[in-house]
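One letter stands for each residue in the lines below.
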Amino acid sequence: MDSIPVNPWAFLQYFFPGNVATKQGALYMGFDLSTQQLKGLVVDSDLKLVYEAKVDFDEDFKKYGIEKGVLTNPSEGEVFAPPAMWLEAVDLVLDRLRKAGLDFSKIKGLSGAGMQHGTVFWSADAESLLGHLDGRKTLVEQLESSGKDHKRGAFAHPMSPNWQDASTQKQCDEFDDHLGDAQTLAEITGSKAHHRFSGPQIMRYRTKYPTHYEQTDRISLVSSFLASIFLGKIAPIDISDVTGMNLWSVSEGAWDDDLLELAAGSTAAVPELKRKLGHVPESGGDAFGPISSYFVTRYGFPASCQIIPFTGDNPSTILALPLRPSDAMVSLGTSTTFLMSTPTWKPDPAYHFMNHPTTPGLYMFMLCYKNGGLAREQIRDQLSPTANPTKSWDAFNAAALSTPPLSQRSPQDPMRLGLYFPRPEIVPNLPAGQWRYAYQPPTATTTTTTSTLTPLPSTPHPDDARTILESQFLSLRLRSTALVSPSPSPTNPSKLLPPQPRRVYLVGGGSANPALARLCGEVLGSVEGIYKLDIGSNACALGSAYKAVWAVEREQGEGFEGFIAGRWDEGGFVRKVAEGYKEGVFEGYGEAVEGLRGVEERVLGEQEGAKEGGLKGMEGKRTGGTIIGSAGGY
Ligand SMILES: Nc1ncnc2c1ncn2[C@@H]1O[C@H](COP(=O)(O)OP(=O)(O)O)[C@@H](O)[C@H]1O
Ligand SMILES: O=C(CO)[C@@H](O)[C@H](O)COP(=O)(O)O
């Protein structure tokens, strides 16, 4: 027997030899329809990037009145976006790829991803309009309704509720109560009720716009909306993305009738809602069929180009590399998400479990925060409100790296912690606001465990740059402890390191920032360090393109992980960007995790009507806190 290789990728290739018979000249496309952009890219059979292009909604489509990709109605907590804008983006991104020199006739397969949980409401005319698109006209000309000439369009409602929407607390309370409690809902669907999930969203849509609901013939997620455009008919919802709806029973592999009844309003209305949602195929890799003739005529795709199921942006992101169960990905986009691929099904109201997009028996673990990139931008801009027209991160990074860990300028100083939420948050479930605290961990000299939490002024402070990064990463560590286990030190295998990921891969816009990478390593640890994907600028679209390669070129029964591992070029595809575990530093942040838990509990307690904040079910002991005073939001 050959010796088993120690390089992790060679190790995977040894056990999953993969199909390395690549198709000469074949190209595959992947898309990411996210909050602020539509990105499209093209890879070859060797997984190498060949072309990429993007459309930036704020830059390219000011006419829709959007900001950061969305429209808002703060009085009701609504955040939404017009699908018509996304149609324009599809034509524009393909035009840009054509201008970049892409020969569409080589595209053998195409897949994509959509920001999760957004819901699109199609009209009864949609199927027919999609099936008869004229390649000489644009998508938006043919699919959008127009009041002017009384043209009925493909949409029963002109807006799609966005993942940042917070208008459905009432519906969420009903969803959590409907099967008993939030834990039961999480056990069945993978998550407790969330504002942005389609179940509560559909329930609110039905009551707020009863006529539109009645006129809604089909309901898509953002991912299946985009797939439908390319397919030329309404595409099924994907097996992974369906687990972000609070409507799908993961163990049954079917729509949950009790939850459908709640969303639909009565038992009698369940079959109709089920029809609107459609059948969900079990496989994430079986092609839906060939591409719509619109794209053949207009761009020169081959008529045989296969449309592979489109999934959510987060499930797609974990397909951008052969992720091991002990690795984590942190996506630093508009949202911050923490992702792991795991065989363990351990649902809890504090986080999400979803079906894996390609591999039955694996699940995706996810934490998701609304206050990721936009919250960091807010602090960046508070640090230099007038003098930063280029939106440079330099001053923010300098402040973050020159401030000592947790602002402890001497070991006796309390730890500085903060919550910076320009938008209502998911975990903990808090309204918009900023809260800053000084946390003094329990001292060894007292007989009872006593810690103190003291509010700090709620005004901008130069230390905020470090505090926001530390507190964001501490929140990830607090909530992911149950998913990581101790492992031997790479330098001293007889020594067991505390629970932490083996590697952390950074993706998304913020992954370009070295200060974020360094603080991620200090707070979250990671035995092998912090890495960044070095293939193109978008892991999510890349994961979709890899799914398309796998779906078209795999041998019968060949799994995704083995297939990708077989073609993976470790040296060319990933780069180490920061150190991970540092003895002493990691343990210091372990104390701060308890402080952050205390801050969240304090602020949650102060918020009238604050409900289920995602603290239940987490591991670790609670400090007996001496609580002093109170802090206010802004
Ligand atoms: N150098 C940087 N440092 C920190 N954040 C950055 C940097 N470059 C981009 N970003 C952040 O990335 C976010 C966009 O992330 P991206 O993943 O491209 O978008 P999306 O959420 O639409 O997928 C922006 O809101 C911005 O805050
Ligand atoms: O709601 C979630 C995941 O549950 C978000 O991750 C959205 O999917 C948006 O992602 P980005 O626009 O930040 O990429």
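Residues numbered from 1 in each chain as written. Chains lettered and ligands numbered in written order. Predicted model: local features only at pLDDT ≥ 70, side-chain atom pairs only at ≥ 80, totals over all residues. Heavy atoms only, no water.

(A) How the structure looks around the overall build of the protein. A count of helices and strands for the protein gives 22 helices and 27 strands. For the protein, whose C-alpha radius of gyration is 24 Å, the value lies close to the compact-globule estimate of 26 Å for 634 residues. Within the protein, the proportion of its 634 residues that are buried is 59%. Contacts spanning at least 24 positions in sequence make up 72% of the contacts within the protein whose residues lie at least 6 apart. Here the protein has roughly 23,700 Å² of accessible surface; of this, 53% comes from carbon and sulfur atoms. (Helix = DSSP H or I, 4+ residues; strand = E, 2+ residues; numbered from the N terminus. Rg over C-alpha atoms; globule rule 2.2 N^0.38 Å. Buried < 20%, exposed > 50% of the residue type's maximum accessible area, 1.4 Å probe, protein only. Contact = heavy atoms within 4.5 Å. Areas by Shrake-Rupley, 256 points an atom, 1.4 Å probe, with all protein chains shown as cover.)

(B) Spatial organisation of unusual backbone geometry. Residue Val427 is joined to Pro428 through a cis peptide bond whose omega torsion reads -5°. Relative to the helices and strands, Pro428 is located in the loop between strand E19 (415-421) and strand E20 (433-440). Backbone geometry at Leu406 places phi at a positive 55°, although glycine is not the residue there. Considering the arrangement of structural elements, one finds Leu406 in the loop between helix H16 (394-402) and E19. One non-glycine residue with positive phi stands out, namely Ser526, at about 120°. Mapped onto the elements of the fold, Ser526 is located in the loop between helix H18 (514-524) and strand E25 (529-533). Exposure remark for Ser526: the relative accessible area of 0% places this residue in the buried category.

(C) Representation of the nonpolar core within the structure. Counting 58 residues, the largest nonpolar core has Met29, Leu94, Phe230, Phe295 and Phe301 as the members making the most contacts within it. Element by element, the count of residues in this core is highest for helix H3 (residues 83-99), at nine residues. By size, the runner-up hydrophobic cluster in this structure holds 56 residues, among which are Met340, Phe353, Trp435 and Ala578. (Core = buried A, V, L, I, M, F, W, Y, C linked by side-chain atoms within 4.5 Å.)

(D) Fine view of the pattern of salt bridges. Within this structure, the stated rule accounts for 36 salt bridges. Two residues, Arg503 and Glu528, come together in a salt bridge whose shortest N-O distance is 2.6 Å. Of this pair, Arg503 sits in strand E24 (residues 503-507) while Glu528 sits in the loop between H18 and E25, and the two are 25 residues apart along the sequence. Owing to a relative accessible area of 5%, Arg503 belongs among the buried residues under this scheme. Judged by its relative accessible area of 23%, Glu528 falls in the partly exposed class. (Salt bridge = Lys/Arg side-chain N within 4 Å of Asp/Glu carboxyl O.)

(E) Representation of the site of ligand 2 within the structure. Around ligand 2, a shell composed of 14 residues is seen, among which Thr35, His117, Arg196, Asp313 and Ser335 lie nearest. In this structure, an oxygen atom belonging to ligand 2 sits 2.3 Å away from a side-chain N or O atom of Thr35. With respect to ligand 2, the side chain of Asp313 contributes an N or O atom lying 2.7 Å from an oxygen atom. For ligand 2, whose accessible area on its own is 370 Å², the fraction buried by protein is 95%. Of all the secondary-structure elements, those providing two or more residues to the shell around ligand 2 are helix H14 (313-317) and strand E18 (363-369). Of the residues that constitute the shell around ligand 2, the class distribution is four nonpolar, eight polar and two charged. Counting contributing residues, the shell around ligand 2 receives three or more from each of domain 1 (23-144 + 152-315) and domain 2 (321-528 + 580-634). (Near = heavy atom within 4 Å. Polar contact = N/O pair within 3.5 Å; in protein donor to acceptor, adjacent residues only side chain to side chain. Nonpolar A, V, L, I, M, F, W, Y, C, P; charged D, E, K, R; others polar. Domains from an automatic or database assignment.)

(F) Highlighting the site of ligand 1. What surrounds ligand 1 is a group of 14 residues, the closest being Ser34, Thr334, Glu377, Gly509 and Asn513. Within the side chain of Ser34, one N or O atom sits 2.7 Å away from an oxygen atom of ligand 1. For ligand 1, a nitrogen atom lies 3.0 Å from a polar atom in the side chain of Asn513. When ligand 1 sits alone it has 590 Å² of accessible area, and the protein chains cover 80% of it. Listed by contribution, the elements that provide at least two residues to the shell around ligand 1 are strand E2 (37-44) and helix H15 (373-383). No fewer than three residues from each of domain 1 (23-144 + 152-315) and domain 2 (321-528 + 580-634) sit in the shell around ligand 1.

(G) The arrangement of the domain arrangement of the protein in detail. Segmentation of the protein into domains returns domain 1 (23-144 + 152-315) and domain 2 (321-528 + 580-634). Taking only C-alpha atoms into account, the centre of domain 1 sits 30 Å from that of domain 2. In this assembly, 36 residues from domain 1 lie in contact with 30 residues from domain 2. Summing both sides of the interface, domain 1 and domain 2 together bury roughly 2,700 Å²; the carbon and sulfur share of this comes to 54%. Its largest share of buried area at the contact with domain 2, domain 1 owes to Trp163, Lys192 and Asn314, together 20% of the area lost on that side. Where domain 1 meets domain 2, there are one salt bridge. A salt bridge links Lys68 to Glu377, with the shortest nitrogen-to-oxygen separation between them at 2.9 Å. Connecting domain 1 to domain 2 are 13 residue pairs in polar contact (both at pLDDT 80 or more). Considering every element that reaches the side of domain 1 that touches domain 2, the biggest residue donor is helix H7 (residues 182-189), with five residues. (Buried area = accessible area lost by both parts, 1.4 Å probe.)

(H) Structural view of the sheet that holds E24. Taken together, seven strands build an open sheet; the order of strands is E17-E18-E16-E15-E24-E25-E26 and the sheet is mixed. Every other strand in the sheet has two partners, leaving strand E17 (352-355) and strand E26 (574-578) as the edge strands with one partner each. On average, adjacent strands in this sheet sit at an angle of 30° to one another, irrespective of strand direction. Both E17 and E18 contribute to a ladder of four bridges, which runs antiparallel. When the bridges of E18 are listed, Phe353 appears paired with Phe365. (Pairing = 2+ DSSP bridges. Axes fitted to C-alpha atoms, helices over the stretch in contact; angles between N-to-C directions.)

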